[in-house]
Every structure is written in structure tokens, then in C-alpha cells.
Amino acid sequence: MQSIDEIENLIKLISKLPGLGPKSAKRIVLKLINNREEIVKPMANTLAQVYKNVVRCNSCGALKSN
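Scope of this entry: the structure provided in the associated data block.

Rules of the game
Residues numbered from 1 in each chain as written. Predicted model: local features only at pLDDT ≥ 70, side-chain atom pairs only at ≥ 80, totals over all residues. Heavy atoms only, no water. Axes fitted to C-alpha atoms, helices over the stretch in contact; angles between N-to-C directions. Helix = DSSP H or I, 4+ residues; strand = E, 2+ residues; numbered from the N terminus. Parallel < 35°, antiparallel > 145°, perpendicular 65-115°, else oblique. Contact = heavy atoms within 4.5 Å. Nonpolar A, V, L, I, M, F, W, Y, C, P; charged D, E, K, R; others polar. Disulfide = S-S within 2.5 Å. Buried < 20%, exposed > 50% of the residue type's maximum accessible area, 1.4 Å probe, protein only.

Structural notes on the packing of helix α2 (residues 22-34) against helix α3 (residues 36-53)
And then number 1: Contact geometry of α2 with α3 gives a least axis separation of 6 Å together with a crossing angle of 105 degrees. Put simply, α2 runs roughly perpendicular to α3. Between α2 and α3, the residues in contact are K31, L32, I33 and N34 and R36, I39, V40 and M43, respectively.
And then number 2: Looking at the contact of α2 with α3, its residues break down into five nonpolar, one polar and two charged.

This is the structure in C-alpha cells:
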């Protein structure tokens, strides 16, 4: 596979998740690329919503939605 910066960056990010190394991350990225409409688009929207709305409570540490 040709080295594409965006793909390499995504592999590096995904491999930071617990239990995932570079090989698993690469397989995940290839699956995402091949299923853009079914997986990537909804995942990107959901991640944006989680980033925007979900926070950790300062007193108890529980997750909550704004």
C-alpha cells in the first residue's frame, strides 16, 4: 500500500487505543475506508457529538451529557 499521510496518521491514532497495535489499527483503517458511508460518516458525526456534549463530572467522575 502506498504511504498516504492521512492514513498513516489515522493508524497511529487508532493504535493508541487499548489492545490495538499497528497491525490491528491498519486493518481497522482499511475497513473504514472500504465502508465510508456505512461506518465512517456516522462515526465521525457521533464522535463530534461526543466531543461536544459528553464531559466527566468534576465531583464524582461520572460521564454526563450536557
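A few points about the state of the cysteines
And then number 1: Enumeration according to the criterion identifies zero disulfides in this entry.
And then number 2: The thiol of C57 is unpaired, and the distance to the nearest cysteine sulfur, on C60, comes to 3.6 Å.
And then number 3: Classification of C57 as buried rests on a relative accessible area of 18%.
And then number 4: Given the relative accessible area of 59%, C60 is considered exposed.

None of the figures reported here should be taken as evidence of function without further support.
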